[in-house]
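Listed below, chain by chain, are the residues.
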Amino acid sequence: MRSRAVLAVIVIGVLLTSVVAAMAAEQPKVPAIPGITAEDTHPNGCTDCHRKVSPDKDYSLPTEIANMVKAGTHPKVSERMMKDLPKQCLTCHKPDSKHPFAQVMHKAHLTGGAENHFISNYQGQCMNCHQLDPKTGSISVKGL
Ligand code: HEC
Ligand code: HEC
Ligand code: HEC
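Residues numbered from 1 in each chain as written. Chains lettered and ligands numbered in written order. Predicted model: local features only at pLDDT ≥ 70, side-chain atom pairs only at ≥ 80, totals over all residues.

A. Focus on the overall build of the protein chain. Within the protein chain one finds five helices and four strands. Listed by position from the N terminus, the elements making up the protein chain come as α-α-β-β-α-α-α-β-β. Within the span of the protein chain, comprising 144 residues, buried residues form 7% of the whole. Put simply, of all contacts in the protein chain between residues at least 6 apart along the chain, 37% involve residues at least 24 apart. (Helix = DSSP H or I, 4+ residues; strand = E, 2+ residues; numbered from the N terminus. Buried ≥ 20, exposed ≤ 12 C-beta atoms within 10 Å, placed from the backbone. Contact = placed C-beta atoms within 7 Å.)

Shown next, in the form of structure tokens:
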């Protein structure tokens with residue numbers, strides 16, 4: 001009797017598992033892409049993330065530059081060139097320059113795997129910076 005009961009439990013368990021698996025398979029998983037399939041929580045791109053959130057958490061672009069200057073990875077930039085951001089970054093980071101903006105931005109945000117906070121906190125989503133014009137299909141960078 002006891003082994004029959006155990007068998008029944010196993011059979012029911014297997015049946016339930018396959019029903020649950022079938023239900024999961026039926027619901028297609030739609031990826032949450034900002035502005036495409038999900039709300040765009042950073043419609044202004046750079047400056048929606050790069051701002052001063054508290055006195056000790058300043059992620060603003062001038063501070064990011066200052067931090068890189070301190071680390072010796074970025075030349076000093078005059079205040080005059082830190083006004084209309086991110087547009088002014090292109091003064092030095094033109095597409096045909098030695099350090100094109102696309103390359104420095106993609107490297108800063110998309111390399112290093114889980115260690116990179118843009119990947120771990122923002123799923124490394126391109127559309128945090130880029131935006132799609134659904135009418136023309138063209139993709140641009142927010143704020144540039
Ligand atoms: C959705 C949020 C988000 C957006 C949008 C975003 N960033 Fe970032 N950015 C981050 C995070 C997070 C990091 C830290 C990455 C890491 O852990 O190394 C970062 C790092 C940086 C750094 C530091 C690089 C270094 O080597 O120290 C700079 C500069 C920067 N971002 C500029 C920009 C600019 C310019 C734009 C727009 C073109 C932009 N970011 C858009 C979140 C964002
Ligand atoms: C006055 C010119 C100038 C301006 C303005 C400028 N940059 Fe740069 N940037 C450079 C140069 C030159 C390098 C290469 C430094 C090197 O490799 O030693 C660089 C490198 C970088 C890097 C890569 C650093 C690394 O660790 O590899 C990032 C990120 C960056 N710039 C972001 C920005 C952002 C964001 C802005 C606008 C807020 C900006 N830069 C404005 C000249 C400039
Ligand atoms: C942190 C912001 C940021 C993120 C994230 C980002 N991009 Fe970009 N992307 C830029 C910027 C800035 C440019 C340069 C625009 C310019 O020079 O006018 C650019 C340019 C480009 C270009 C054209 C220039 C080139 O490199 O050939 C392509 C293609 C591109 N991005 C693809 C992607 C894809 C794919 C992803 C996601 C895997 C992505 N980007 C994520 C900021 C970003």
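B. Inspection of the site of ligand 3 at higher detail. In the vicinity of ligand 3 there are 13 residues, among which Ala102, Met105, His109, Cys126 and Cys129 approach most closely. Residue classes in the shell around ligand 3 are distributed as nine nonpolar, four polar and no charged. (Near = placed C-beta within 6 Å. Nonpolar A, V, L, I, M, F, W, Y, C, P; charged D, E, K, R; others polar.)

C. Molecular detail of the site of ligand 1. Of all residues adjacent to ligand 1, which total 22 residues, the nearest are Cys46, Cys49, Ala108, His117 and Asn128. Among the secondary structure elements, those contributing two or more residues to the shell around ligand 1 are α2 (46–49), α3 (61–71), α4 (101–110) and α5 (117–122). Examining the composition of the shell around ligand 1, we find that four residues originate from one element, α5, more than from any other. Class assignment of the residues belonging to the shell around ligand 1 gives a composition of twelve nonpolar, eight polar and two charged.

D. Broad picture of the environment of Phe118. Along the polypeptide, Phe118 turns up in helix α5. Separated by ten residues in sequence, Phe118 and Ala108 have C-alpha atoms that sit 8.7 Å apart. The contact partners of Phe118, leaving out residues within four places of it in the chain, are His109 and Gly124.

E. Highlighting unusual backbone geometry. Looking along the chain, the bond that leaves Leu85 and enters Pro86 is cis, with omega of 10 degrees. Relative to the elements of secondary structure, Pro86 occurs in the loop between α3 and α4. Positive phi, normally seen in glycine, also occurs at Gln123, with a value near 55 degrees. Tracing the backbone shows Gln123 in the loop between α5 and β3 (130–132). A tally of 14 C-beta atoms within 10 Å means that Gln123 is categorised as partly exposed.

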